[in-house]
Amino acid sequence: MLLQLKNVFKWVNSGGQRVFLLKDINLTVEEGEFISVMGPSGSGKSTLLNVIGMLDSFDEGEYRFLDEPVHTLKEKHRANLYKQYIGFVFQSYHLLDDLTVQENLEMPLLYKKVGSSERKSLVADTLDRFNIVGKKDLFPAQLSGGQQQLVGVARALISSPKLVLADEPTGNLNSKQGEEIMELFKQLNNEGVTIIQVTHSEKNATYGSRIINLLDGRKI
Amino acid sequence: MIHNHIKIAWRNLKKQPFFTFLNTFGLAIGMAGCLLISLYIHDELSYDKMFADADRIHRVNNNIKFGGDERLFAVTPAPMAEALKNDFSEIELVTRFRTRGSALVRKADDLANVKEEQTTYVDASFFEMFGIKMLVGDAGKALTDPNTLVLTKTAAEKHFALANAVGQNLVLNNEENYTVVGVIQDFPQNSFLRDYTIFESMAGLEDASVVNWGSNNYQTFIKLIPKVKAADIQLQLRGFLGKYVIPGVQQFMPGVTEEQFKAAGNHLIFSTIPLTDIHLYSHMVAEISANNDIQSVYILSFIAIFLLLLASVNFMNLSTAYSLKRAKEVGVRKSLGSNKMELVRQFLMESGLISFLSLVLALVLAVVALPFFNTLADKDISIPFANPIFLMVLLVSVIILGLFSGSYPAFFMTRFKPVKVLKGGGGSGVGGSGIRNSLVVFQFAISVFLIVSTLVVYQQLKYIQGKDLGYSKDQILILNDVYTAGDKVTSLKDRIKQLGAVKNVTLSSFFPTPSSRSDSTFSPENGNTSQENAVSMQTWGVDYDYISTLNLELVAGRDFDRIYGSDSTAIIVNEKAVRVMELSPQEALGMQYTPDFDSENPTYYTIIGVLRDFHIASLKEDIDAVSLHLGERAYAMAIKIVAGNFANTIKDIEGVWNTIVPGEPFDYYFMEDAFNDTYVSEQRLGNIFVIFTVLSLLIACLGLFGLAAFNAEKRTKEIGIRKVLGASVGQISIKLTLDFLKLVGIAIIIAMPVGWYAMAKWLEDFSYRIDIPWWIFVLAAFLAVLISVFTVGFQSVKAAIVNPVKSLRTE
Ligand SMILES: Nc1ncnc2c1ncn2[C@@H]1O[C@H](COP(=O)(O)OP(=O)(O)O)[C@@H](O)[C@H]1O
Ligand SMILES: [Mg+2]
């Protein structure tokens, strides 16, 4: 078991009232799964992903990640867990504009305090693997959306996470580019990486092994 | 339309209160500082311009090099005035001053004296020369008779009502009888006569009409006829050496010629300086009043311009930074068909509005700060709110400042491409950060420069104040006007010496303070009065306790001693004098010199001791040659007291004073203070530096703070991404702060050599000066870094703790 959410609630107070963003979520994810989260806009998909990714807190319930009780962990410990095991892919790529492709890839390794030579070889391997060696010195603005997202995925994977969280990774891409990214995810999944993606597309959802539907913060 | 502009401008400013505050406050500080300095400079430049024909009045200067010593004198021989009148058709009027310092004044039938600090003899032409009108009395006839005087309103009212002032009898210094012939208005603070209250008729001063070209005691002023230039009379004035001075000298040195005089390396050059230049450009011996230095005006002008520039730069920087937030507004307006000029006008209106708000705030700040500034600068400046010209200048300056500061941001903003900014990303990619960074570097460079300067000025002052002067100035109290005790002066001295807290007492008119001057030229005994052997020395009459009271150190020979009857013709000189004589201290002992080699029967003085050199003037100047001899009536008494309760000791001394000379003013000062007074202008410079360094730092910090806030906001997305990629709060805070510190670092690198160079130049003025220590630069850099870390750090941490979920939300 990779992670498990038990009776997770998340709410905000608005006008003296509790507005629930997540309601009583129970979810167990095994290693090697490929899950698609679906639901209408505003149903809490991103919130759920952020909670799983430990970017966001929740108000009630339990969250275990690799048998560690995330909800009771200290900030620092949680950060370490997160740095080591989780990679994020965003709809709008979120590459750092001022850095080249290569430097963008290097960033998570720097924060993980990976040594210089290891960093170099990891970056080189990744560039190679994603077929973007020729683009390594370009800035994000010089790439197409599909290429940028490719870099985004590559960056999420460079520190070999166990879990990749992708929030509408193909939302800004045309269908051909989207398909390529999905193929890539499938391939990664075959190599053992666990993937949870948010998607609006039925077709993309079929790449996954399981679909979770959300409505108003509740699993249906 | 303009109404609409103002309305929208006001709304925009209200929408960003933080930005508006930073901008207004920064600009206001700069304006207030600049305003105060401008008033100060205006005052400095206004000296002596109030006199009716100020532009035609000049003073005669005297540059003498004689006996190995070169000096610039503000005084000339007495007959100079008569000679000028006779020889120059270009000169309309001549008048002389013979300053005599303080005087005790009482009405003939009063007992108690009042002390007036500055009095002077003047020629009767004084009134016409300076266009001075009488409040009572007849300016046309005043001061033509001996023993008459004119006083200022303030001085007169201490004794009688103005209406019956004329004809009153006054006694000066308990022995000179004068009749009051008129009362004049007090002189303004910005005139060279500001401290003078009593003007005695020159007609009663015998020395004034003796034709003696050998002594210089008279400040001589001339008024040129209209259209004559001072330059036109210089050549003929130089001719006075051959025409008057040399023939005068020949009376006692027969056969001396101008050629010989010059061949011995001597010179004597008469020249003139315009009256209105004296205050800022004249630093001669025997100035009528203490002057300032044009250098300080330059330095202050620099600071004023810097301040305004800093504030303006701040404004540009913050405005362009914040304009990025408004990129969208510009894009929308443009796509709605607004033309460029209209946008520019809108933004200029905003900067004009801020500029105007700043002016209001600046005036408030200036009014509040004015009393402190006046104390600091030793001025009595007021803000001339009622002066329409001042208000005009203010208004025009504000408009110019607003346009200047607003122009760059306005044009910067209107350059935004609507398509680009509307597509998203706010202002990112719009650029301008290079210029903003350069502006920050510029601001900090100036701040660092000012920090370095301040530290150097203070180090130099500390050095001067701590320097071994060759005598002990600590715990020495100088009691003035002891001559009023007359014969009882010895019992005064003895009674004071008996006081428990008094260690030693000495009577003299001369102490190692800059006001003590009495130059004489000494010649050696072998009758060789040629100029090569003459030695120019200060001649100070002292008593037996002088050397021991002041802790002067003998390097050869002995002190005066009562057991030697012959000590009345003994002198003790300092090492400098011996150096000029080209002797060693040991060789000098027993040598005989005379100060009156021109007399039939010169008195020869034997050197019995040589003192280690001691400073008498400010450390800007070299040490003077000094000789001490016994005797003469003393004007003052130096009292060495033990450390501790000064107030009680002074009360005891005053008690003795009041029993021996009841009714005379008890006037004293500490030698230490007199010494420190020598450095008032440096002290003042130091204080002004501190204040304006702080102000410039404050402005720079406001700018940096605003920019950091803006930057953090602009980079929220980037910060969010970095956090998602695993960066910690600490790492991000450090990165954001370091980005700014890089700029500060560049500023430091630029400012250091400039600061070093400028301060080395400043130090050149001092004969005794520090080497600029390296730690000053380290400290300045450290301060700059520390201050910027504080300023930026807060913003950085604030930005770094934001949850990335918020900053990266796509919708
Ligand atoms: N911090 C928050 N405060 C208030 N409302 C929030 C917050 N975060 C998310 N929401 C709201 O919660 C709902 C779920 O958001 P989100 O998870 O982004 O939906 P989805 O990704 O499914 O479109 C939305 O209505 C959103 O506006
Ligand atoms: Mg979403």
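Residues numbered from 1 in each chain as written. Chains lettered and ligands numbered in written order. Predicted model: local features only at pLDDT ≥ 70, side-chain atom pairs only at ≥ 80, totals over all residues. Heavy atoms only, no water.

Caption draft 1: Structural context of the sheet that holds strand E12 (residues 476–479) of chain B. All names here are of chain B. If you trace the four strands from one edge of the open sheet to the other, you get E13-E21-E12-E22, paired in antiparallel fashion. Each edge of the open sheet is held by one strand with a lone partner, namely strand E13 (502–508) and strand E22 (668–670). Adjacent strand axes in the sheet meet at a mean angle of 20 degrees, parallel and antiparallel pairs treated alike. Pairing between E12 and strand E21 (residues 636–641): four bridges, direction antiparallel. Each residue of the ladder has a partner; that of Leu 479, found in E21, is Met 637. Packed onto the sheet, helix H20 (residues 646–660) meets E12, E13, E21 and E22 and runs at close to 30 degrees relative to E12. (Pairing = 2+ DSSP bridges. Helix = DSSP H or I, 4+ residues; strand = E, 2+ residues; numbered from the N terminus. Axes fitted to C-alpha atoms, helices over the stretch in contact; angles between N-to-C directions. Contact = heavy atoms within 4.5 Å.)

Caption draft 2: Structural view of the site of ligand 1. The local shell around ligand 1 consists of Val 12, Leu 21, Pro 40, Ser 41, Gly 42, Ser 43, Gly 44, Lys 45, Ser 46 and Thr 47 of chain A together with Arg 809 of chain B. The residues that come close to ligand 1 belong to more than one chain, namely chains A and B. With respect to ligand 1, the backbone of Ser 43 of chain A contributes an N or O atom lying 3.2 Å from an oxygen atom. One nitrogen or oxygen atom from the main chain of Lys 45 of chain A is found 2.9 Å from an oxygen atom belonging to ligand 1. (Near = heavy atom within 4 Å. Polar contact = N/O pair within 3.5 Å; in protein donor to acceptor, adjacent residues only side chain to side chain.)

Caption draft 3: Molecular detail of the pairing of strand E7 (residues 163–167) of chain A. Residue and element names in this part refer to chain A. Burial analysis of E7 places five of its five residues in the buried class, which makes it a mostly covered element. Alternating positions in E7 separate into two faces, Leu 163, Leu 165 and Asp 167 on one and Val 164 and Ala 166 on the other, with burial throughout. With four bridges connecting them, strand E6 (residues 86–89) and E7 associate as parallel partners. Directly across from Phe 88, in E7, lies its bridge partner Leu 165. Taken together, the five bridges between E7 and strand E8 (residues 194–198) define a ladder with parallel strand orientation. Residue pairing for E8: Asp 167 is matched across the bridge by Val 198. (Buried < 20%, exposed > 50% of the residue type's maximum accessible area, 1.4 Å probe, protein only.)

Caption draft 4: Representation of a nonpolar patch on the surface within the structure. All names here are of chain B. On the surface, Phe 356, Val 360, Val 364, Val 368, Phe 372, Leu 395, Ile 399 and Leu 403 cluster together into a nonpolar patch covering about 770 Å² of accessible area. Those elements giving two or more residues to the nonpolar patch turn out to be helix H12 (340–377) and helix H13 (388–414). Per-element tally for the nonpolar patch: the top contributor is H12, with five residues. Position of Val 360 relative to the elements: it lies in helix H12. A relative accessible area of 44% places Val 360 in the partly exposed class. (Patch = residues over 30% accessible without salt bridge, like charges linked within 9 Å, V, L, I, M, F, W, Y side chains within 5 Å. Areas by Shrake-Rupley, 256 points an atom, 1.4 Å probe, with all protein chains shown as cover. Salt bridge = Lys/Arg side-chain N within 4 Å of Asp/Glu carboxyl O.)

Caption draft 5: How the structure looks around helix H24 (residues 729–763) of chain B. Between its terminal C-alpha atoms H24 of chain B stretches 48 Å, which fits the 51 Å expected from 35 residues at 1.5 Å a residue. The axis of H24 of chain B is deflected most strongly, by about 30 degrees, at Ala 751 of chain B, and proline Pro 753 of chain B appears within four residues downstream. (Expected span 1.5 Å × (residues − 1). Bend = angle between axes of the 7 residues up to and from the residue.)

Caption draft 6: Structural detail: the nonpolar core. All names here are of chain B. Counting 136 residues, the largest nonpolar core has Trp 540, Leu 552 and Leu 628 as the members making the most contacts within it. Two domains each donate at least three residues to this core, and these are domain 2 (442–468 + 679–811) and domain 3 (476–677). Not counting residues up to four positions away in its chain, the partners in contact with Leu 628 are Trp 540, Val 542, Tyr 546, Ile 547, Leu 552, Phe 560, Ala 570, Ile 571, Ile 572 and Leu 611. (Core = buried A, V, L, I, M, F, W, Y, C linked by side-chain atoms within 4.5 Å. Domains from an automatic or database assignment.)

Caption draft 7: Focus on the environment of Tyr 458 of chain B. Residue and element names in this part refer to chain B. Here Tyr 458 is to be found in helix H15 (residues 433–466). Here Tyr 458 falls in the partly exposed class, since its relative accessible area comes to 32%. The sequence separation of Tyr 458 and Gln 683 amounts to 225 residues, and the corresponding C-alpha distance is 8.2 Å. Among residues more than four places away in sequence, those in contact with Tyr 458 are Gly 686, Asn 687 and Val 690.

Caption draft 8: Representation of the interface of chain B and chain A within the structure. Contacts between the two partners involve 15 residues from chain B and, on the opposite side, 19 residues from chain A. When chain B packs against chain A, the two sides together hide about 1600 Å² of surface, and 59% of this comes from carbon and sulfur. Viewed at the interface, chain A and chain B are joined by zero salt bridges. Along the contact surface separating chain B from chain A lie three residue pairs in polar contact (both at pLDDT 80 or more). Residue assignment for the side of chain B that touches chain A shows that the elements contributing at least two residues are helix H23 (716–724) and helix H26 (804–807) of chain B. The greatest single-element share of the side of chain B that touches chain A, amounting to six residues, is contributed by H23 of chain B. (Buried area = accessible area lost by both parts, 1.4 Å probe.)

Caption draft 9: Local environment of the domain arrangement of chain B. All names here are of chain B. What the domain assignment lists for chain B is domain 1 (54–281), domain 2 (442–468 + 679–811) and domain 3 (476–677). On a C-alpha basis, the centroid separation for the pair domain 2 and domain 3 is 52 Å. Across the contact, eleven residues belong to domain 2 and eleven residues belong to domain 3. For the pair domain 2 and domain 3, the summed buried surface comes to about 1100 Å²; carbon and sulfur atoms form 47% of the total. Ranking the residues of domain 2 by area buried against domain 3 places Tyr 679, Ser 767 and Tyr 768 at the top, with a combined share of 49%. Remark: the boundary between domain 2 and domain 3 carries zero salt bridges. Summed over the shared surface of domain 2 and domain 3, the number is zero residue pairs in polar contact (both at pLDDT 80 or more). Counting only elements with at least two residues in the side of domain 2 that touches domain 3, the list comes to H15 and helix H22 (680–714). Partitioned by chemical class, the residues of the side of domain 2 that touches domain 3 number five nonpolar, two polar and four charged. (Nonpolar A, V, L, I, M, F, W, Y, C, P; charged D, E, K, R; others polar.)

Caption draft 10: The arrangement of unusual backbone geometry in detail. Residues and elements named next belong to chain A. Despite not being glycine, Leu 66 has its phi angle at roughly 50 degrees, a positive value. Assignment of secondary structure puts Leu 66 in the loop between strand E4 (60–65) and strand E5 (68–69). Its relative accessible area of 24% is what places Leu 66 among the partly exposed residues.

Caption draft 11: Structural context of the environment of Pro 108 of chain A. Tracing the backbone through its elements, the reader meets Pro 108 of chain A in helix H3 (residues 101–111). Beyond its immediate stretch of four places on either side in the chain, Pro 108 of chain A contacts Arg 155 and Ile 158 of chain A together with Leu 725 of chain B.

Caption draft 12: Here's a closer look at the side chain of Ser 733 of chain B. Within the fold, Ser 733 of chain B resides in helix H24. For Ser 733 of chain B, the side chain forms a polar contact with the main-chain oxygen of Val 729 of chain B, separated by 2.8 Å.

Caption draft 13: Geometry of the UniProt feature "domain: ABC3 transporter permease C-terminal" (unreviewed entry) in chain B. Cross-referencing UniProt, the feature "domain: ABC3 transporter permease C-terminal" (unreviewed entry) maps to residues 302–414 and 691–803 of chain B in the present numbering. Secondary structure content for residues 691–803 of chain B is 84% helix and 0% strand, while the C-alpha to C-alpha distance between its ends is 42 Å. (UniProt positions renumbered as here; feature names shortened; annotations may be inferred.)

Caption draft 14: Geometry of the pattern of salt bridges. Applying the stated criterion across every chain, the model contains 38 salt bridges over all chains. Arg 210 of chain A is the partner of Glu 33 of chain A in a salt bridge, and the nearest nitrogen-oxygen pair spans 2.8 Å. Residue Glu 33 of chain A is located in the loop between strand E2 (17–29) and strand E3 (34–38), and its partner Arg 210 of chain A is located in strand E9 (residues 210–215); the two are separated by 177 residues in the primary sequence. Here Arg 96 of chain B and Asp 123 of chain B are joined by a salt bridge, their closest N and O atoms 2.9 Å apart. Of this pair, Arg 96 of chain B sits in strand E3 (residues 91–107) while Asp 123 of chain B sits in the loop between strand E4 (114–122) and helix H4 (126–130), and the two are 27 residues apart along the sequence. One exposure class covers both Arg 96 of chain B and Asp 123 of chain B, and it is buried. Each of Arg 715, Glu 718, Arg 722, Lys 735, Asp 739 and Lys 742 of chain B takes part in one network of salt bridges that share partners.

Caption draft 15: Looking closely at the packing of H3 of chain A against helix H5 (residues 145–157) of chain A. All names here are of chain A. Packing of H3 against H5 leaves a shortest axis separation of 8 Å and a crossing angle of 30 degrees. It follows from the interaxial angle that H3 and H5 lie roughly parallel. H5 is crossed by H3, and the crossing has right-handed handedness. Residues Val 101, Asn 104, Leu 105 and Pro 108 of H3 form the contact with H5, whose participating residues are Val 151, Ala 154 and Arg 155. When grouped by side-chain class, the residues that make up the contact of H3 with H5 number five nonpolar, one polar and one charged. (Parallel < 35°, antiparallel > 145°, perpendicular 65-115°, else oblique. Left-handed = near helix turned anticlockwise from the far one by under 90°.)

Caption draft 16: Structural detail: the UniProt feature "transmembrane region" (unreviewed entry) in chain B. Residue and element names in this part refer to chain B. If you check UniProt for "transmembrane region" (unreviewed entry), the listed places come out as residues 21–41, 297–318, 353–373, 385–411, 439–458, 688–712, 740–760 and 772–794 in our numbering. End C-alpha atoms of residues 21–41 are separated by 30 Å, and the span's content is 100% helix alongside 0% strand. Across residues 740–760, the secondary structure splits into 100% helix and 0% strand, with the terminal C-alpha atoms separated by 30 Å.

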